[in-house]
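Listed here are the chains, written in short residue letters.
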Amino acid sequence: LTCHLAYRPPYDWPQLARFLRGRAIPGVEHATDDSYTRTLALPEGGAGFLTVTPGNGHWLDLRLELPELGGAIALVARARRMFDCGADPAAINAHLARDAALKPLVRKRPGLRLPSAFDPFELAVRAIVGQQVSVAAATTVTGRVAARCGTPLTELRAGLTHLFPAPAALASADLGGLGLTTRRADTLRGFAQAVTAGDLLLDTPRGPDAFAERMMALPGIGPWTAQYVAL
């Protein structure tokens with residue numbers, strides 16, 4: 001399936017591509033200056049691939065490779081959200097430009113977008129792994145977790161080798177030797193166990209503050225991690 005993800009211009013694709021490229025999980029995501037590709041763990045089972053590239057107009061080109069088209073509409077919506085295609089930059093910039101400190105920054109970067117996470121569980125795992133370490137270190141270790149605990153692919157694309165691990169796979173996983181401290185590995189398993197059991201739902205029906213409080217109730221998760229995931 002190919003389609004256009006329309007947006008209101010301007011759109012700063014180079015900035016967003018740099019952000020994704022620096023955080024792409026090895027084996028799960030592949031990002032360049034001109035494209036973003038990732039594996040998809042489908043709800044009904046099986047694997048798919050998603051690729052987003054800048055279009056020739058006011059849109060991004062989305063390509064989905066799926067065993068069947070069931071659920072494709074939801075995947076398109078998730079891609080739109082991930083690439084912030086619903087933003088109204090004119091309204092945002094007009095509002096931010098009221099502030100004297102922000103006005104020159106808005107003028108310099110009028111098409112700035114806020115990338116979101118494609119999958120909240122994947123993002124939360126990365127946030128826990130990234131506690132008190134650099135972006136590069138978190139990316140490397142998260143790739144190791146995916147390689148050990150994720151489902152290997154039978155068909156490869158652009159160096160992609162695995163689906164990101166499901167919560168149940170991480171709930172009892174052996175995470176030794178991956179670069180995680182013992183405490184952080186315990187936190188990761190505890191988080192996955194809470195999600196698997198349904199004790200922690202990764203949504204925000206009562207707002208981000210209530211969600212952050214639920215996350216912080218888990219051992220080893222503090223305000224930085226909980227608020228990062230909520231954002």
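The structure presented is a predicted model; accordingly, all values stated were derived computationally and were not measured.

The rules behind these values
Residues numbered from 1 in each chain as written. Predicted model: local features only at pLDDT ≥ 70, side-chain atom pairs only at ≥ 80, totals over all residues. Heavy atoms only, no water. Disulfide = S-S within 2.5 Å. Buried < 20%, exposed > 50% of the residue type's maximum accessible area, 1.4 Å probe, protein only. Pairing = 2+ DSSP bridges. Helix = DSSP H or I, 4+ residues; strand = E, 2+ residues; numbered from the N terminus. Axes fitted to C-alpha atoms, helices over the stretch in contact; angles between N-to-C directions.

Asker: Whenever I open this one, the state of the cysteines confuses me. Can you help?
Answerer: In a disulfide, the sulfur atoms of two cysteines are held together by a covalent bond. In the structure shown here, the tally under the stated rule is zero disulfides. Left without a disulfide partner, cysteine 3 is nearest to the cysteine sulfur of cysteine 85, which lies 9.9 Å away. Judged by relative accessible area, which is 21%, cysteine 3 ranks as partly exposed. Residue cysteine 85 is classed as buried on the basis of its relative accessible area of 2%.

Asker: Just checking my understanding: could you explain the sheet that holds strand β5 (residues 59-65) for this structure?
Answerer: Hydrogen bonds between backbone groups are what pair the strands of a sheet, and the pairing can be parallel or antiparallel. In spatial order, the strands read β1-β5-β4-β3-β2; together these five strands make up an open sheet with antiparallel pairing. Each edge of the open sheet carries a strand with a single partner, namely β1 (2-6) and β2 (29-31). In this sheet, adjacent strand axes meet at a mean angle of 20° when their direction is disregarded.

Asker: Help me out: how do you make sense of the pairing of strand β6 (residues 152-157) in this one?
Answerer: Within a regular beta strand, the side chains point alternately toward one face of the sheet and then the other, so they alternate between its two faces. Where β6 and strand β7 (residues 160-162) come together, two bridges link them in antiparallel fashion. Residue pairing across strands places arginine 157 opposite leucine 160, the latter belonging to β7. The hairpin turn running from β6 into β7, its antiparallel successor, is two residues long, and alanine 158 in that turn takes a positive phi close to 50°.

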